[in-house]
Amino acid sequence: MSFSQYLRKEADAIWEASFNHPFVKGIGDGTLSLENFRYYVLQDAYYLTHFSRVQALGAAKATDLATTASMAAHAQGTNEAELSLHENFSKRLGITDEERQNFKPAPTAYAYTSHMYRAAQFGHLGDIIAAILPCYWLYYEIGERLQECSPEESIYKDWIAAYGGEWFRELVEEQIQRLDDIAETVTESDRQRMKELFITSSIYELQFWEMAHTLEEWPFGNEVFQTVTAEVGEKA
Ligand SMILES: Cc1ncc(CN)c(N)n1
């Protein structure tokens, strides 16, 4: 069994919980409220901005130029494909510039992106791929499972089409192969750490649906968070 197949098996119960989450089911059958999807789009734009930076950190940590170029292309792809999909959704959902400017990441979005930066800061490329792979792979499997669904809301149709599409499958397969190649050359303790990063990201993926389902907020209000984002110059 390849390392990626092993990780997929270990994460199976967590992924099943994502497949069955009311937010995901609601996209498929069209019952998800647009208020929740709107909240998700704002949080996900923040998430993807940082995801793209982590991909770029992966490019910097690669030990050969071909991998650097490929990881940099992935970072650009996140920007061009996924963030532009969100641009499109934002227009259709009437998200204003003011809303974007006043946006604050919810606790889960902040924690998940911080987790990925942690992998990038302390790990090697294998750690980065392990931490970002559920983001690719889980969404692809969700897109595939929802292919047969035909929700009335066109935004949900477009979301399903994007993640179940061929372009996304190729990206996912490339990163799975990269993880397996790296896993063959590293130590058992590296593989154990990579597994933990993969499982933790899988849990955060599940939490991300829950965050959007409950419109999660900071316990003492977003103001507490204002200084943190201002200090590091974060933008959604
Ligand atoms: C939280 C999250 N995870 C994954 C994806 C798919 N790249 C996404 N858009 N957002």
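Residues numbered from 1 in each chain as written. Predicted model: local features only at pLDDT ≥ 70, side-chain atom pairs only at ≥ 80, totals over all residues. Heavy atoms only, no water.

The protein chain has the name Aminopyrimidine aminohydrolase in an unreviewed UniProt entry, where Rossellomorea pakistanensis is given as its organism. The UniProt entry for the protein chain carries the following comment under Pathway (unreviewed entry): "Cofactor biosynthesis; thiamine diphosphate biosynthesis." Heading Function (unreviewed entry) of the UniProt record for the protein chain holds this comment: "Catalyzes an amino-pyrimidine hydrolysis reaction at the C5' of the pyrimidine moiety of thiamine compounds, a reaction that is part of a thiamine salvage pathway." (UniProt positions renumbered as here; feature names shortened; annotations may be inferred.)

Focus: the packing of aromatic side chains
Applying the stated criterion across every chain yields a total of 28 aromatic pairs. Aromatic pair Phe-23 and Trp-209: ring centres 5.7 Å apart, planes at 25°, arrangement stacked. In this pair, Phe-23 is assigned in helix H3 (residues 22–29) and Trp-209 in helix H11 (residues 188–214), connecting sequence segments 186 residues apart. With respect to class, Phe-23 is no different from Trp-209; both count as buried. Looking at Arg-145, its charged tip hangs above the ring of Phe-19, at a distance of 3.6 Å from the centre. (Phe/Tyr/Trp six-rings, centres within 6.5 Å; stacked < 30°, edge-to-face > 60°. Helix = DSSP H or I, 4+ residues; strand = E, 2+ residues; numbered from the N terminus. Buried < 20%, exposed > 50% of the residue type's maximum accessible area, 1.4 Å probe, protein only. Lys NZ or Arg CZ within 6 Å of the ring centre and 35° of its normal.)

Details of helix H4 (residues 34–61)
For H4, spanning 28 residues, the distance from its first C-alpha to its last is 39 Å, which sits close to the expected 40 Å at 1.5 Å a residue. Most of H4 is tucked away: 20 of the 28 residues are buried. (Expected span 1.5 Å × (residues − 1).)

Side note on the nonpolar core
Residues Ile-27, Phe-37, Tyr-40, Trp-159 and Trp-209 are the most contacted members of the largest nonpolar core, which totals 73 residues. Counting residues per element, this core draws most heavily on helix H8 (residues 125–145), at 14 residues. For Trp-209, the contacting residues outside a window of four places in its chain are Ser-18, His-21, Phe-23, Val-24, Tyr-40, Leu-138, Tyr-139, Ile-142 and Trp-159. (Core = buried A, V, L, I, M, F, W, Y, C linked by side-chain atoms within 4.5 Å. Contact = heavy atoms within 4.5 Å.)

Some details on the layout of surface pockets
What the largest pocket holds in volume is close to 320 Å³. Here the lining of the largest pocket takes five residues from H4, the largest share from any one element. Among the residues forming the lining of the largest pocket, the class breakdown is five nonpolar, three polar and six charged. (1 Å grid on protein atoms, 1.4 Å probe; cavity = no way out; pocket = protein on both sides within 12 Å on 5 of 7 lines; lining within 4 Å. Points joined across faces, edges and corners; volume = space filled by probe spheres on them. Nonpolar A, V, L, I, M, F, W, Y, C, P; charged D, E, K, R; others polar.)

Let's talk about the side chain of Thr-67
Considering the arrangement of structural elements, one finds Thr-67 in helix H5 (residues 65–92). Only 2.8 Å separates the side chain of Thr-67 from the side chain of Asp-64, close enough to count as a polar contact. Aside from chain neighbours lying at most four places away, what touches Thr-67 is Ala-62, Leu-125 and Arg-178. (Polar contact = N/O pair within 3.5 Å; in protein donor to acceptor, adjacent residues only side chain to side chain.)

Structural notes on the site of the ligand
Around the ligand, the structure places Asp-44, Tyr-47, Leu-48, Glu-82, Cys-135, Tyr-139, Tyr-163, Glu-205 and Phe-208. At 3.2 Å from a nitrogen atom of the ligand is found a side-chain nitrogen or oxygen belonging to Tyr-139. Separating a nitrogen atom of the ligand from a side-chain N or O atom of Glu-205 is a distance of 2.8 Å. In isolation the ligand exposes 290 Å². Once the protein is present, 99% of that is buried. The cavity where the ligand resides is the largest cavity. Of all elements in the fold, only H4, H8 and H11 reach the threshold of two or more residues within the shell around the ligand. Ranked by the residues each element gives to the shell around the ligand, the list is headed by H4, at three residues. (Near = heavy atom within 4 Å. Areas by Shrake-Rupley, 256 points an atom, 1.4 Å probe, with all protein chains shown as cover. Sits in = over half its atoms within 2 Å of the grid points.)

As for the pattern of salt bridges
Per the counting criterion, the structure on display carries 13 salt bridges. Where Lys-195 meets Glu-10, a salt bridge forms, and the shortest distance between an N and an O atom there is 3.2 Å. Placement of the pair is Lys-195 in helix H11 and Glu-10 in helix H1 (residues 3–10), with a sequence separation of 185 residues. With a relative accessible area of 16%, Lys-195 lands in the buried category. Among the charged side chains, a salt-bridge network with shared partners connects Arg-8, Asp-12 and Glu-141. (Salt bridge = Lys/Arg side-chain N within 4 Å of Asp/Glu carboxyl O.)

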